[in-house]
Amino acid sequence: MARRIEHRSTSEWPASQVHAALIDIDYLRERLDQLEGGRNELVQHTADADAVRFQVRQGVPTESLPPIARTVAGAGDLVIDRSESWRREQDGHYAGEIAAEVAGVPCTITGSMWLRDLTGRTGASELVVEGEVRVSVPFLGGKLEDLVAEQVQKLLAAEERFTTEWLARPRS
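Residues numbered from 1 in each chain as written. Predicted model: local features only at pLDDT ≥ 70, side-chain atom pairs only at ≥ 80, totals over all residues. Heavy atoms only, no water.

Caption draft 1: How the structure looks around the environment of Arg-3. Take Arg-3: it is sitting in strand β1 (residues 3-11). We classify Arg-3 as partly exposed; its relative accessible area is 24%. The spacing of Arg-3 and Ala-99 is 96 residues in sequence and 15 Å in space, taken between C-alpha atoms. Setting aside chain neighbours within four positions, we find Arg-3 in contact with Gly-131, Glu-132, Val-133, Gly-142, Glu-145, Asp-146 and Ala-149. Looking at Arg-3, its side chain comes within polar contact range of the main-chain oxygen of Gly-142, at 3.5 Å. (Helix = DSSP H or I, 4+ residues; strand = E, 2+ residues; numbered from the N terminus. Buried < 20%, exposed > 50% of the residue type's maximum accessible area, 1.4 Å probe, protein only. Contact = heavy atoms within 4.5 Å. Polar contact = N/O pair within 3.5 Å; in protein donor to acceptor, adjacent residues only side chain to side chain.)

Caption draft 2: Highlighting the pattern of salt bridges. Counted under the stated rule, the structure contains 16 salt bridges. Notably, a salt bridge pairs Arg-3 with Glu-145, separated by 3.3 Å at the nearest N-O pair. Linking Arg-3 in strand β1 with Glu-145 in helix α4 (residues 141-168), this pair joins segments that are 142 residues apart in sequence. On the accessibility criterion, Glu-145 (1% relative accessible area) is buried. (Salt bridge = Lys/Arg side-chain N within 4 Å of Asp/Glu carboxyl O.)

Caption draft 3: Broad picture of the pairing of strand β3 (residues 51-60). Of all ten residues making up β3, seven are buried, and the element is well covered by its neighbours. Here strand β2 (residues 41-47) pairs with β3 via six bridges, running antiparallel. Following the sheet pairing, Glu-41 is matched in β3 by Arg-57. Hairpin connection between β2 and β3: a loop of three residues separates the two successive antiparallel strands. Pairing of β3 with strand β4 (residues 78-88), which is carried by ten bridges, proceeds in the antiparallel orientation. The residue of β4 that forms the bridge with Val-56 is Arg-82. (Pairing = 2+ DSSP bridges.)

This is how it looks when you write it as structure tokens:
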């Protein structure tokens, strides 16, 4: 059975500014540089008139994993491939899809994202991420899904803090 993920955050910036940051190549590279792991990279970034798509690769040091996760992960660092796509909707908000896989581990993460201006709060916006974690390992799958879902929540919170700091910096 899959574990549900929901992350909701608000920002003091309008959705258009938050979206511009979330898809910016420099932002993505800098965000990856802030994460643990030695194999973090922006693998692909494409944009057209309708949508932006990108893929990032993140390394997670095995020694930072709980013992139960190490039994499934095996030797070497975990490598997570994550892809996101964003599009602007007709009503002015942004919608996206996210998918992630862990190399060599039967684990998938899928979800949807919405970014919209908040009504009643000029200049503020809200980001919502909803998804699920599925780990196909007999007997341990549920425990591993809980663990992965918890780590995804921590990652989303860290990315939220990074985005807030990045948007607050003066731009030339």
